[in-house]
Amino acid sequence: MVALTSAAGVAPAPRRHRVRVWRGLVLGIAAAYFLIPLYAGLRFSFQDDAGHWSLYALRAIPSQIGFTGAFWLSIKLAFTTLVGTLVLMVPTTIYVHLHLPRVRRLLEFVTVLPIVIPPIVLILGVLRAAPIWLKASPYLLSLMYVILTMPFVYRSLDAGISAIDLKTLVEASRSLGANGPQTLWRVILPNLRAGILSASVLTLALVLGEFTMASLDLWTTLPVWIYQFQQTDGHIATMVSMLSLIGTWVLITVMVSLDRSESRRSRRKAEVA
Amino acid sequence: MSQAQANGGSSGARVELRELVRVFGRTRALDGFSLDVEPGELVALLGPSGCGKTTALRALAGFELVDHGQVLVDGHDVARVSPQDRDMGMVFQSYSLFPNMSALHNVGFGLRMRGVRSTARRDKAHELLELVGLHEHAEKYPHQLSGGQQQRVALARALAIEPRVLLLDEPLSALDAKVRTGLRDQIRSLQQRLAITTVFVTHDQEEALSMADRVCVMREGRGEQTATPAELYSRPTSAFVAHFVGVSSRVPVRRDGATVGLWGQEVTVRNADLTARDVDAVLRPEDVAIVIDPAGPASVVHKSFLGAITRVTVSVESAEVRVDVRSDMARDLNHGDRVALSVVARDVLVSPRDGRVDVEED
Ligand SMILES: Nc1ncnc2c1ncn2[C@@H]1O[C@H](COP(=O)(O)OP(=O)(O)OP(=O)(O)O)[C@@H](O)[C@H]1O
Ligand SMILES: [Mg+2]
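Reading guide: rules and limits
- Residues numbered from 1 in each chain as written.
- Chains lettered and ligands numbered in written order.
- Predicted model: local features only at pLDDT ≥ 70, side-chain atom pairs only at ≥ 80, totals over all residues.
- Heavy atoms only, no water.
- Helix = DSSP H or I, 4+ residues; strand = E, 2+ residues; numbered from the N terminus.
- Buried < 20%, exposed > 50% of the residue type's maximum accessible area, 1.4 Å probe, protein only.
- Areas by Shrake-Rupley, 256 points an atom, 1.4 Å probe, with all protein chains shown as cover.
- Lys, Arg positive; Asp, Glu negative; His and termini not counted.
- Charge placed at Lys NZ, Arg CZ, Asp CG, Glu CD.
- Domains from an automatic or database assignment.
- Contact = heavy atoms within 4.5 Å.
- Buried area = accessible area lost by both parts, 1.4 Å probe.
- Pairing = 2+ DSSP bridges.
- Axes fitted to C-alpha atoms, helices over the stretch in contact; angles between N-to-C directions.
- Near = heavy atom within 4 Å.
- Nonpolar A, V, L, I, M, F, W, Y, C, P; charged D, E, K, R; others polar.

Thoughts on the overall build of chain B
Summing up its helical and strand segments, chain B has ten helices and 20 strands in all. Over its C-alpha atoms, taken along the principal directions, chain B stretches across nearly 80 × 45 × 40 Å. Classification of the 362 residues of chain B by burial places 51% in the buried group. Accessible surface for chain B amounts to roughly 16,300 Å². Of this, 48% is attributable to carbon and sulfur atoms. Averaged over its 43 positive side-chain charges, chain B has a centre that lies 4 Å from the centre of its 49 negative ones.

Remarks on the domain arrangement of chain A
Residues and elements named next belong to chain A. Along its sequence, chain A is organised into domain 1 (2-45) and domain 2 (62-272). Its C-alpha centre places domain 1 at a distance of 36 Å from the equivalent point of domain 2. In this assembly, five residues from domain 1 lie in contact with seven residues from domain 2. Summed over both partners, the interface of domain 1 with domain 2 buries about 560 Å², with 80% contributed by carbon and sulfur atoms.

Looking at the sheet that holds strand 4 (residues 68-73) of chain B
Residues and elements named next belong to chain B. Read from one edge to the other, the open sheet built from four strands follows the order 2-1-4-5, with strand pairing classed as antiparallel. The open sheet has two edge strands, strand 2 (27-37) and strand 5 (76-77), and neither has a second partner. With eight bridges connecting them, strand 1 (residues 15-24) and strand 2 associate as antiparallel partners. Each residue of the ladder has a partner; that of Glu 16, found in strand 2, is Asp 36. Contacts between helix 2 (residues 53-61) and the sheet are confined to strand 1, strand 2 and strand 4, with strand 1 contributing the most and set at about 115° to the helix.

Examining the site of ligand 1
All names here are of chain B. With respect to spatial proximity, the complete set of residues near ligand 1 consists of Phe 24, Thr 27, Ala 29, Ser 49, Gly 50, Cys 51, Gly 52, Lys 53, Thr 54, Thr 55 and Glu 170. Contact with the protein chains hides 60% of the accessible area of ligand 1, taken as 630 Å² for the molecule alone. Every element with two or more residues in the shell around ligand 1 is listed here: strand 2 and helix 2. Of the residues forming the shell around ligand 1, the biggest block, three residues, is contributed by helix 2. Grouping the amino acids of the shell around ligand 1 by side-chain chemistry returns three nonpolar, six polar and two charged.

With respect to the environment of Cys 51 of chain B
Residues and elements named next belong to chain B. With respect to the element layout, Cys 51 can be found in the loop between strand 3 (42-46) and helix 2. Residue class for Cys 51 comes out buried when judged on its relative accessible area of 2%. Ignoring anything within four residues of it in the chain, the contact list for Cys 51 reads Ala 29, Met 218, Arg 219, Glu 220 and Gly 221.

If you want it as C-alpha cells, here you go:
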C-alpha cells in the first residue's frame, strides 16, 4: 500500500520531464530543418569561388543579365495577383456570408481544390486550353496565381468575417441610411482589415516564390532566374535567393507593423479622450 | 426643447401591420400578424421564443420581405422602400456598434450618410451622447465601453437620424439585471420626451408591462391579444395570455350557462366564446382567498415568501392552486393544514379542459 502510493506519487514527475525533453527535441529538429539550410545559404552567398569571405556576389547582382527584368516581372505579377485575388474573393466571401450561408460549405470545398490539384497539372491543362493572346501575356500567370492562392485567401477572409457580427453590422449600417457600396467601404472593409492583410501577406509570399508554373509557362520570374543562373554562378544565385527571402520577410513585417501601429494609434487617440 | 418639436413634430409616425405572413420552409414565422401603433406610442411585442417577434420587427425595418400582407407607415405602403430609405432607427439584441469607429462617429454615421456637414454632425452627435449620459465617453471605441454603455450609444445612434419609427429588438437582454432596469427607465423616458413611435421586442413580461403603452402578446406568428399592461394582466382574453403574463392556476370546473361552480360558489364567466361544459377556470393568485378550516377541502402544500405577501400553494381535489396571502397571515399556515378556498374575483376566465398551453417557464 505504502509502496504503491509512493510509486504513484513519483511516477508523473519523470513522465512530465520526458514530455518536456521530447518537446525540446522536436522543436530543435524543426528549427534545425529551417536554420541549417538558411545558414548554409547565407554562408555560401558571402563566399567567393576560393571559399574566402567576399561581398562580390552582392555587388555583382544588378549587372547580371536578366536579373532586373526577372525582378520587376515578379513584383508586377505579385501585385496584379494581389489586386485580382482581393477583387474576386473579398466581395464573394462577404456575399456568401450574408446571403448564401448554405453555399459556404461548397465554397470551402472549391477553394481547397487548388491544393489538391498539383500546379503542374493545372498549368499544363491551361497552356493547352488558353487562347494564344493570353498565352503570350505574363498575366496568364497572375490568373493562375489567383487560383493558387484561393485556399489561403478564402480561409483568411472567412476567419476575419466570422470574427465580426457581419449581418448585424450590415443591417445597422443599412438602417442608418447607408447604401451597399457605402456599407462595404465604411463598415465592412475597415473591420475586415486583419483578414485582408493576412490574405495579402500569404498571396505576396506565395507568388514571389512560385517556380513550377512560371517555368512551364516560360516566363523568367525571379525564382526561375535564380534557378537558371545557378549554372552560371552559384554564389550570386544563392545571394539573390537569400535577398528575395529577406525582402519578402521585410515586406510582410512592414505590412503587419503598419496595421499594428494603425490600431495602436486609434487606441491611443481613445485613451487621450 | 424636445426633438419632436425641433422636427416640427414629424417624429411620431403611425404604423400599421396588416395580416403579415412570412414562411421559412415549414415554419410560419408570421401567420397573419396585424398590429397598429399610434404616433408616439410604445408597443411591446411579447411572446415565447420563436413566436415571430424578430421577424415582425425586421419586416417593419425592411430586412425581411413578407409573403403576404402590408406594412403601412403614415398610410403609405412601404413594400418597395429599401431599409436605408425607411428612416427607422434600430437597436439590436447583439452589440452592433461599428468597431472601427469611436462612439461619436458611430452616432454621427447616419448623419454622414445623409450628407450632413461635419461640424453640424459633431454637434448633433455630442448632443445625443449627452442625452444618453455618455458625453465623456465620446472618443472611446466600442471595445472600451461596457455592454450597457454600448447599447446606450446604439440608442443614441438610432435616435440621431430622427427616425420616424424606433425599433428595439431585445436591446437589454445581454445586460445584467441592475443595468437592465436602469436602462429600461432611461429608454422609456427618452421615448416619451421625443414622442417617437416605438416597437419594442422582448420575451420578458416584466419589461413589457413596465415600459409599454400597449403590449401585443404573440403566439405562433399571430397576435394573441393587444392591450394596455393593466388590461392584459387583469382581463386576459385567452388562457395563453393569462399564463404568459403573470402567474395563474388552472382548476377543472363545470360550466352552467354564464357561470361556473367553484368550491360551492357561483362565479360569472368572463369570456363567452367557449361553449364546452367541461372547462378549466384560470385563476390569478389574488383572485382566491384562503380560510383556515379543519373540515376544508384543500390542504397547504408549499409556501414561498415574497416580501409583503407569501405565495401559498394548496392542493384541492386534483388541482394545485397558487394563492397570495399577506405574509403576517401566512405565518399561521403550515404544510398539511386543511383550508377552504373562496373566489374573490368579480369573474373568471375559462379555457378548454386540458387545452395545452405552450408557455416557456422562466
Ligand atoms: N432566416 C430564417 N430562416 C429560417 N427560419 C427562420 C429565419 N428567421 C426566423 N426563422 C424561424 O421563424 C420563427 C420565428 O423566428 P423569430 O426570430 O421571429 O422569433 P422570435 O420571436 O424573435 O424568437 P426569440 O425570442 O428566440 O428571438 C422561428 O421558428 C425561427 O426558427
Ligand atoms: Mg428574436
